[in-house]
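Residue strings, one per chain:
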Amino acid sequence: MTQFVADRDDRGNATARCNCDECPEQIVVKTNYITRVGDRRPIEINKTKALMRLQDVGWTYVKNVLRCPKCEANRKEKTVSKEPTIVTVTPPAAPPLRQPTREQKRLIVAALDDAYDMTNLRYKGLETDKGIAEMLGDGTMPGWVAAVREDMFGPDGNEEMSDLAGEVKDWMNKVDMELAAIKTAMLAIEQSRAEVKKYQDRLFKIAAAIGPKAERV
Ligand SMILES: [Zn+2]
């Protein structure tokens, strides 16, 4: 069917009757003729002007195909469905953290029973979570030991650490006391020096009173 047919409305204005290429839909839009009255060639409408009006009401003209809004919508839908389906590739989830078996848990509890000092809430001797894990072996993770310990026994730390901390504290006290002793001694020295000065002053006064004779003393 002819896409653009020159026509005139009731008032005699130039119009274009436009036909959808894909269905019987028809629309009349205002335009003007690019051919003059009296030209020999058949009347030709101003296509550009007609297309502007068509565009305003949702018609399209793509690759020489004129489509009404409905057919344009269908075309777009088809184009979209033709597009390759985008497959979202989800990266494989990180493997869940290894968990202890029941048997491993029981072994950890048994080891902690031996190694943990429930009275002082610390490991006995030099023991640590890592030490227990290494002792049990079989893929036992220090984190599993820590979890069981926190849950059923008590905080981290061991006797050695507590002892060292105690020793550090003792030594710090000793240093503080020695510093205090030095301060006291310094004060005594200052006082003695003041005394010495007093005697020295008296000696000078006497020497001055006696005069040159004293110099022979
Ligand atoms: Zn149509």
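As the structure is a prediction and not an experimental result, all values here were calculated from the model.

## Looking at helix H4 (residues 129-136)
Then, number 1: All of the buried residues in H4 are Asp129, Ile132 and Ala133. Considered in projection along H4, the buried side chains sweep an arc of 100 degrees and stay on one side of the axis.
Then, number 2: Buried residues belonging to H4 abut helix H3 (102-115) and helix H5 (142-152).
Then, number 3: Two residues or fewer after H4 comes Gly137, characterised by a positive phi angle close to 60 degrees.

## Some points on the domain arrangement of the protein chain
Then, number 1: Each domain of the protein chain was delimited in the assignment, giving domain 1 (4-73), domain 2 (102-157) and domain 3 (173-216).
Then, number 2: Computed from C-alpha atoms alone, the centre-to-centre distance between domain 1 and domain 2 is 88 Å.

## A word on the nonpolar core
Then, number 1: Of all hydrophobic cores here, the largest spans 12 residues; its members are Leu107, Ile108, Ala111, Leu112, Ala115, Tyr116, Tyr123, Ile132, Ala133, Trp144, Val145 and Val148.
Then, number 2: Top contributing element to this core by residue count: H3, with five residues.
Then, number 3: Not counting chain neighbours up to four residues away, the residues in contact with Val145 comprise Ile108, Asp129, Ile132, Ala133 and Thr140.
Then, number 4: Phe4, Ala16, Cys20 and Leu54 belong to the second-largest nonpolar core, a separate cluster that totals 10 residues.

## Examining the environment of Lys124
Then, number 1: Its place among the elements puts Lys124 in the loop between strand S7 (122-123) and H4.
Then, number 2: C-alpha separation for the pair Lys124 and Ile182, spaced 58 residues apart in sequence, amounts to 40 Å.
Then, number 3: Apart from residues no more than four positions distant in its own chain, Lys124 is found in contact with Ala115, Asp117, Asn158 and Glu159.

## Regarding the sheet that holds strand S1 (residues 4-8)
Then, number 1: A sheet is described by the order of its strands in space; here three strands give the open sequence S1-S2-S3, paired in antiparallel fashion. Edge positions in the sheet fall to S1 and strand S3 (26-30), since each of these pairs with one other strand and no more. Going across the sheet, the axis of each strand differs from the next one's by a mean of 30 degrees, ignoring polarity.
Then, number 2: In this sheet, S3 lies alongside strand S2 (residues 14-19) in antiparallel orientation, the contact comprising five bridges. Its bridge partner lying in S3, Ala16 is registered against Val29.

Thresholds applied
Residues numbered from 1 in each chain as written. Predicted model: local features only at pLDDT ≥ 70, side-chain atom pairs only at ≥ 80, totals over all residues. Buried ≥ 20, exposed ≤ 12 C-beta atoms within 10 Å, placed from the backbone. Helix = DSSP H or I, 4+ residues; strand = E, 2+ residues; numbered from the N terminus. Arc of directions from axis to C-beta. Contact = placed C-beta atoms within 7 Å. Domains from an automatic or database assignment. Core = buried A, V, L, I, M, F, W, Y, C linked by C-beta atoms within 7 Å. Pairing = 2+ DSSP bridges. Axes fitted to C-alpha atoms, helices over the stretch in contact; angles between N-to-C directions.

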